Amino acid sequence: MSLQRVAIFGATSAIAQAVARQLAAKGVRLHLVGRDPAKLEAVRADIAARGSAGVSVTLADLDETARHAALVEEAEQSLGGAMDAALIAQGTLPDQVACEHDFALAEREILTNFVAPASLATHLANRFAPRGTGRIVAISSVAGDRGRASNYVYGSAKGGLSIFLSGLRARLNATGVGVVTVKPGFVDTPMTAAFKKGLLWAAPEKIAKGIVSAMEHGGAEVYLPWFWWPIMFAIRHLPEAIFVRLKI
Amino acid sequence: MSVRSWGNYPKVEHAAVIPLAWRHEALPKVGGTMLPSGLARSYGDSCLNEGGTLLATRGLDRLIAFDRTTGVLRCEAGMTLGQILALAAPVGWFLPVVPGTSYVTVGGAIANDVHGKNHHLEGTFGAHVRRFELARSDGTRIECAPPTEPALFRATIAGLGLTGLVTWAELRLKRIDSAMFDVETTRMDDLGHFFALTEASAGYEYNVAWVDALAKGKDLGRGLFIRARHSSVAIHPMPEAGARLAMPFDLPAATLNRHSVSLFNALYRARGSRGWQHTHEPYSKYLFPLDGIAHWNRMYGKPGFVQHQSVVPRTDAPLRVRAILEAVAEAGDASFLTVLKVFGDREGAGLLSFPRPGVTLALDLPMRGAATLELLERLDAIVRDAGGAIYPAKDARMSPETFRASFPRWEELERHRDPAFSSSFWRRVTR
Ligand SMILES: Cc1cc2nc3c(=O)[nH]c(=O)nc-3n(C[C@H](O)[C@H](O)[C@H](O)COP(=O)(O)OP(=O)(O)OC[C@H]3O[C@@H](n4cnc5c(N)ncnc54)[C@H](O)[C@@H]3O)c2cc1C
C-alpha cells in the first residue's frame, strides 16, 4: 500500500522521529502528537523543512486517556482525510529499582507504557473497523516477551501491550484493518544513552525502516532487527527454573 | 570512557561522553571541563578532552528551515554535511565548501573553518555561515552574526570548540545545475609541473593534486593532478551515496610499509595518462572518494597514524614543499595519502583559520613512535622557517612554539574561550 496520511503518537521519541523523516521523504502527510512543546516544534520544523507534503501537530499528554478520542478525530481532520496508518510510539524507560520501592511510580509507568497505548489502539480500531482499512502499528519491546529481574515493570507493561495487540489483531482480522506489534531490541537512543553499546544495538533509522515497511505491507509481530526473533524464541522457551537464576 | 579521533592517536580517556538530543536544553553541569564532539573526524587531539567531558552533538541533527528559493539553510549543529547534501543536491543546491569527507558535522566544520578543493574560489566554510547560536556554560545563549557579535562570531569560526556549544547554524548554499561533476585527470611529472598545472587550471572550480610521496630526485612531486567543475548536465535520479565497503578491524600495523604503499602509488598513478582524461562522476564519488570505505583509518592498525598538513607562503613554496617531500622520502616512511593544493587569496573567516595564501601539503604517516615524532618535528621546522602554519584539525603533536608561530592571534581566542570548555589540544599547545 502506498501511504498518504499517517499519524504518529509520541512523535518526539528517537524512533518516531526517524519514522517521520522516512515517511516525509516518501511524500506522506504527517500529523504529530507529543507532550513537550519545544521538542514537538523542533521535530515539526525538521519534517517541514525536508519538503514534506504537509505536517501538523497537536500538543497532548498521552497519559490522559480521556483525550484520546478527540486526538484521533483531530488527527484525521488535520490530515484532511482518513489515515492509512497510525504509529503508537510513546513510552518511557522506568527506573526499575525506584519502581520496586514506590509502586505509585510503577503504576505511572504502566499507565504510560500499557494503558495509554491500549486506549489509543482501541480508539483507532473503532474508527478504522467500519471502513475496513488502516493499519495500527504500535511499538512494544522484546522486553515484553519475558519478565526479567532487571526491568520487569517495563517488561510487564510491554508484555501486556503485546497481548492486548494480539487480541485486537484477532478481533479485527476479518475487517481488513491491520494491527502490527513492533518489538525492537536494543536501540541506540537518548533513552538508552547511559548503557554500554555492543553488537546487538541498532540505530533508530534501522528500526524505523522496519516500521515503515510494516505500515506499508502489514505484519503481525515484527522483531527489529530480525535477529531478535530467534534470540527471544530461545529466551521464551527457557524453563522458569533456569530463567530465574539468570542475571539478566 | 575512551574515544578515538580519526588517527587513533593519541589514545585518551574521558570522564564522560554526554549525548545531547535537544538544542533548547541547558548544557549539562559537569565537574571538570567539557568540549563539543561531532564525528571525531579530526585526526589528533583537537576533538579530545582527556579526563574531561565530551558533549556528543550527533543527536542534534534536525533541519530548522530550508528556503529552496534563496538557498538559505538553518540546521542543528550535529547535522552532517553528507545529510545536507543528500537533501539539497537533488533540488539544485550545494554546500559552497566541503572537506574530503562528508562525515563531518556542521559544528565541526565551523570549529575548524574547514576548506575544500575550491578554496581559491570560495574560501573557507565559515565564509558561508550567516549566523549561529552559541550556548555558553553560564547559561547564556548568544546569537552570533557579523553585524551583531562580530568578535565572538570570528572567534568561534576556527575556534576549536572552545567558545561554547554551537547549537544551530544558518548557511548559504550555492546553486548547481547537476549533482554530477565533470572531472579531468592527468599525470603530474614533478613539482614544477604541479605549479604549471595549477596555473593552467585557474578557471576550474576544484583543483587538487595527489602526490607519490615515495618518489625522489627528479621524480619528486610526481603524481596525479585532478581538476573539476559542477556539471551543467542535469541527471536524475541521484545515485546513492554511503559506504559500500568497510574495514572491519584494525589491520596489523606492518601491512602498510614502503612496499605496499609503493605498489599502491604505482597502480594509482597508472590511472592517469599524459593528456587529460575526462570523467563524469556523482558528487559523492568525486568529492569523498574515501567515504566509500567505512573506517579506512583502521588500515594503519592499532598504533594509529598522524597527519601533517602545512601551508607555506607562495613565494618560496616550491623550495619548502620540496624540502618537506625530501625529508619524508628520505625517512622512507610511507605516506599513503599525500595531497597538494594552492590556497587562494581569501582570508579565513575565523580568528584562527588555517587557510591563508600559499601552498598546502597534507601527508599521512603511520605512527611509529619517536622516529615519526622526530621526522614531524623536522617538517615543522621547515614550515616555521617559511613563515607557514600547521593545521590543528590534523595535529596530535606540534609544539607550543610551532602553534604560536602558526597562529599569532591565539591569545585572542583564549580570551573568548568559555572557561568551562577545554581540549587536550588546547592544553598542550598553550602550555
Ligand atoms: C578523510 C578526511 C578528509 C578530510 N579532509 C579535509 C579537508 O579537505 N579540509 C579540511 O579542512 N579538513 C578535512 N578533514 C578534517 C575534518 O574536516 C575536520 O577535522 C572537521 O572539523 C571534523 O568534523 P567533526 O564533525 O568530525 O568534528 P570533530 O572532529 O568531532 O570536532 C572538531 C572540532 O569541532 C568542535 N565542535 C564540534 N561540534 C561543535 C559544536 N556543535 N559547537 C562547537 N564546536 C564544535 C570540536 O570541539 C572540535 O574542536 C578531513 C578529515 C577526514 C577524516
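Quick caveat, the model's predicted, so the values are computed rather than measured. Throughout, a residue's number is its position along its own chain's written sequence, starting from 1. Chain A is the first chain written and ligand 1 is the first ligand written, with later ones labelled in order. This being a predicted model, a pLDDT of at least 70 is required before a residue's local features are given, and a value of 80 or more before pairs of side-chain atoms are given or counted; all residues contribute to the totals for chains, interfaces and linings. Just so you know, side-chain values use all the structure's heavy atoms and leave hydrogens and water out.

Turning our eyes to something else, we now look at the overall build of chain A. A helix here means a DSSP run of H or I that spans at least four residues, while a strand means a run of E at least two residues long, and both kinds are numbered starting from the N terminus. Helix and strand counts for chain A stand at 9 helices and 7 strands. Taken over C-alpha atoms, the radius of gyration is set against a globule rule of 2.2 Å times the number of residues to the power 0.38. Over its C-alpha trace chain A gives a radius of gyration of 17 Å, about what one expects of a compact globule, namely 18 Å for 248 residues. Across its three principal axes, chain A shows a C-alpha extent of roughly 55 × 40 × 35 Å. A total of 248 residues make up chain A; the buried ones form 51% of that total. Taking the contacts inside chain A whose residues are at least 6 apart along the sequence as the reference set, 72% of them involve residues at least 24 apart. If you sum the accessible surface of chain A, you get close to 10,900 Å²; carbon and sulfur atoms cover 59% of it. When charges are counted, Lys and Arg contribute as positive and Asp and Glu as negative, whereas His and the chain ends are disregarded. Here the site of a charge means atom NZ of a Lys, CZ of an Arg, CG of an Asp or CD of a Glu. Averaging the locations of the 26 positively and 21 negatively charged side chains of chain A gives two centres separated by 7 Å. Here the term buried applies to any residue with accessible area under 20% of the maximum for its type, exposed to any over 50%, and partly exposed to those in between, with areas from a 1.4 Å probe on protein chains only. Here a residue-residue contact requires only that any non-hydrogen atoms of the pair lie within 4.5 Å. Using a 1.4 Å probe, accessible areas were evaluated by the Shrake-Rupley method; residue-level cover was limited to the displayed protein chains.

Here the focus is the interface of chain A and chain B. Taken together, the contacts link 15 residues of chain A with 16 residues of chain B. Counting the surface lost from both chain A and chain B, the interface buries some 1,100 Å², and carbon and sulfur atoms represent 57% of this. When two parts are put together, the accessible area they lose, computed with a 1.4 Å probe and summed over both, is reported as buried area. Considering only the surface of chain A that becomes buried against chain B, Lys39, Ala49 and Arg50 of chain A emerge as the three largest contributors, covering 39% of it. Salt bridge, as used here, is a side-chain nitrogen of Lys or Arg placed within 4 Å of a carboxyl oxygen of Asp or Glu. Where arginine 21 of chain A meets aspartate 61 of chain B, a salt bridge forms, and the shortest distance between an N and an O atom there is 3.0 Å. In protein, a polar contact requires one atom able to donate a hydrogen and another able to accept it; more generally it is a pair of N or O atoms within 3.5 Å, and residues adjacent in sequence count only if both atoms are side-chain atoms. On the surface where chain A and chain B come into contact, there are 4 residue pairs in polar contact (both at pLDDT 80 or more). Counting residues per element, the ones that place at least two in the side of chain A that touches chain B are helix H1 (14-25) and helix H2 (37-49) of chain A. Sorting elements by how many residues they give to the side of chain A that touches chain B places H2 of chain A first, with 7 residues. Under the convention adopted here, Pro, Cys and the residues Ala, Val, Leu, Ile, Met, Phe, Trp and Tyr are nonpolar, Asp, Glu, Lys and Arg are charged, and Gly plus all remaining residues are polar. Class assignment of the residues belonging to the side of chain A that touches chain B gives a composition of 7 nonpolar, 3 polar and 5 charged.

Residue and element names in this part refer to chain B. Volume-wise, the second largest pocket comes out at about 270 Å³. Two kinds of site are reported from a 1 Å grid over the protein atoms alone, namely cavities, where a 1.4 Å probe fits but cannot get out, and pockets, open sets with protein on both sides within 12 Å along at least five of seven lines, and residues are called lining when an atom falls within 4 Å of a point. For the second largest pocket, the lining is made up of 15 residues, of which His120, Thr198, Glu199, Val342 and Phe343 are closest to its centre. Of all elements in the fold, only helix H5 (191-200), strand E14 (206-211) and strand E20 (338-343) reach the threshold of two or more residues within the lining of the second largest pocket. Of the residues in the lining of the second largest pocket, the class split is 8 nonpolar, 4 polar and 3 charged. Grid points are joined across faces, edges and corners, and a volume is the space filled by probe spheres set on the points.

None of this, on its own, says anything about what the molecule does.
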